[in-house]
Amino acid sequence: MDLEALRQAEAFFARKPQALPSVRSFLLGALERWPETEIVTQKSQVGLRDPRPYCALTAPRKRVKGRPAPGALLSLFLPRPLETDLLLMAVEAYPGRFTNHLILPEAFPPSLWDWTGEARRFRCGKD
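Note that the coordinates shown come from a computational prediction; the quantities given were computed from them, not determined experimentally.

Our next topic: the pattern of salt bridges. Tallied over the full model, the rule gives six salt bridges. Its salt-bridge partner being E10, residue R24 comes within 2.5 Å of it at the nearest N-O pair. Pair noted here: R24 is in helix α2 (residues 20-33) and E10 is in helix α1 (residues 3-12), with a separation of 14 residues, a long-range link. The salt bridge involving R80 is made with E118; its shortest N-O contact spans 2.8 Å. Of this pair, R80 sits in the loop between β4 (73-78) and β5 (87-94) while E118 sits in helix α3 (residues 110-124), and the two are 38 residues apart along the sequence. Residue E118 is classed as buried on the basis of its relative accessible area of 18%.

What follows concerns α1. Inspection of α1 places A5, L6, A9 and F12 among the buried residues, and these make up the whole buried set. Along the axis of α1, the buried residues cluster in a sector spanning 115°; they form a single face. Against the buried residues of α1 lie α2, β1 (38-41), β2 (46-49) and β3 (53-58). Backbone nitrogen of E4 and a side-chain oxygen of the N-cap are separated by 3.2 Å at the start of α1; the cap is D2.

Further remarks concern the pairing of β1. Here four bridges tie β1 to β2, and the two strands are oriented antiparallel to one another. Paired with I39 across the bridge in β2 is L48. Between β1 and β2, which follow one another and run antiparallel, lie four residues.

So, how was this worked out
- Residues numbered from 1 in each chain as written.
- Predicted model: local features only at pLDDT ≥ 70, side-chain atom pairs only at ≥ 80, totals over all residues.
- Heavy atoms only, no water.
- Salt bridge = Lys/Arg side-chain N within 4 Å of Asp/Glu carboxyl O.
- Helix = DSSP H or I, 4+ residues; strand = E, 2+ residues; numbered from the N terminus.
- Buried < 20%, exposed > 50% of the residue type's maximum accessible area, 1.4 Å probe, protein only.
- Arc of directions from axis to C-beta.
- Contact = heavy atoms within 4.5 Å.
- Polar contact = N/O pair within 3.5 Å; in protein donor to acceptor, adjacent residues only side chain to side chain.
- Pairing = 2+ DSSP bridges.

Right under this line is the structure:
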């Protein structure tokens with residue numbers, strides 16, 4: 001595990017301290033499930049790749065009307081739009097490739113790991 005990459009990802013969310021527990025839990029859970037995954041912190045997001053990006057975490061600045069202000073958003077790159085209460089929007093970035101923007105919950109439903117695994121298989125061709 002690359003502790004420096006994990007530290008940089010946590011520093012990215014410094015202005016959203018309420019998001020840190022769920023972000024840390026998600027990153028550690030992903031690394032536990034898929035140890036080859038690399039955490040890449042950029043200016044606008046924290047991405048997970050193996051070797052291609054399959055999901056990203058962001059710290060939103062704006063609220064969505066009618067929803068609580070999320071601490072972090074999880075974007076999953078999938079071949080389909082998801083149907084869940086966590087979904088803010090799904091955008092078909094390319095034909096057959098949807099970016100599903102989800103509110104990252106404090107307690108992850110098992111389906112969140114299923115969707116993340118599906119995104120990893122779709123983008124990286126790995127089980």
